[in-house]
Amino acid sequence: MMAQGVFKQSRIGRFQSGFSMIEILVVLVIIGLLVSIVAPNVLDRADGARIQKVQADFKAIETALKMYRLDNFSYPSSEQGLEALVSKPTIEPIPRKYKSSAYLDSLPMDPWNRPYLYLSPGEEKEFDIYTLGADGISGGSDQNGDINNWSTGEDQE
């Protein structure tokens, strides 16, 4: 009697071990549908997160620039650039009261791993901070569009 029970178990296990091709295809179609619905939402959020990072970096840089101006009575020149916030400039105009611990520990990079661009005096404000977007080329739209501090809705003092 025991021998028959063992034979039946091995026989049933042999027939039910694995998935049919149709089952696999159905699962793949379901996964494809889920990805097609979820992916655009996730990608839009990633682009939004990049823009939020840029805006947060602009605020940090603007705060450091304002502190620099309070100490030295002017913003760094375009030639000195944002690097003046990290180390004391060696080109004119040399700041008179440069903060010993600098104004930023390090310069943030834009979300596409490029340095932010800076002009002083700016065309739109006392200084312009901007990035050229994902493509690194002036102009463009969406993720390739330029992002700047003068169109973020905050007024400069």
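Residues numbered from 1 in each chain as written. Predicted model: local features only at pLDDT ≥ 70, side-chain atom pairs only at ≥ 80, totals over all residues. Heavy atoms only, no water.

Trainee: How would you explain a nonpolar patch on the surface if you had to name every residue and give the values?
Mentor: Taken together, the side chains of Phe19, Met21, Ile24, Leu25, Val27, Leu28, Ile31 and Val35 define a hydrophobic patch exposed on the protein surface, amounting to about 830 Å² of accessible area. Tracing the sequence through the fold places Leu25 in helix α2 (residues 21–72). (Patch = residues over 30% accessible without salt bridge, like charges linked within 9 Å, V, L, I, M, F, W, Y side chains within 5 Å. Areas by Shrake-Rupley, 256 points an atom, 1.4 Å probe, with all protein chains shown as cover. Salt bridge = Lys/Arg side-chain N within 4 Å of Asp/Glu carboxyl O. Helix = DSSP H or I, 4+ residues; strand = E, 2+ residues; numbered from the N terminus.)

Trainee: How would you summarise the sheet that holds strand β1 (residues 117–119) if you had to cite specific residues and measurements?
Mentor: With antiparallel pairing, 3 strands are arranged side by side in an open sheet as β1-β2-β3. The two strands at the open ends of the sheet, each matched to only one other strand, are β1 and β3 (147–148). Two elements, strand β2 (residues 128–131) and β3, share 2 bridges in a ladder whose sense is antiparallel. Looking across to β3, one finds that Thr131 is bridged to Ile147. (Pairing = 2+ DSSP bridges.)

Trainee: Could you give an account of unusual backbone geometry, naming the residues involved and the relevant values?
Mentor: With an omega dihedral of -5°, the bond running from Glu92 to Pro93 counts as a cis peptide bond. Along the polypeptide, Pro93 turns up in the loop between α2 and β1. Cis rather than trans, the peptide bond between Ser120 and Pro121 has omega equal to 0°. With respect to the helices, strands and loops of the structure, Pro121 is situated in the loop between β1 and β2. At Phe73, a position not held by glycine, the phi torsion is positive, near 70°. Within the secondary structure layout, Phe73 lies in the loop between α2 and β1. Residue class for Phe73 comes out exposed when judged on its relative accessible area of 55%. Not every positive phi belongs to a glycine, and Ala102 is a case in point at roughly 70°. (Buried < 20%, exposed > 50% of the residue type's maximum accessible area, 1.4 Å probe, protein only.)

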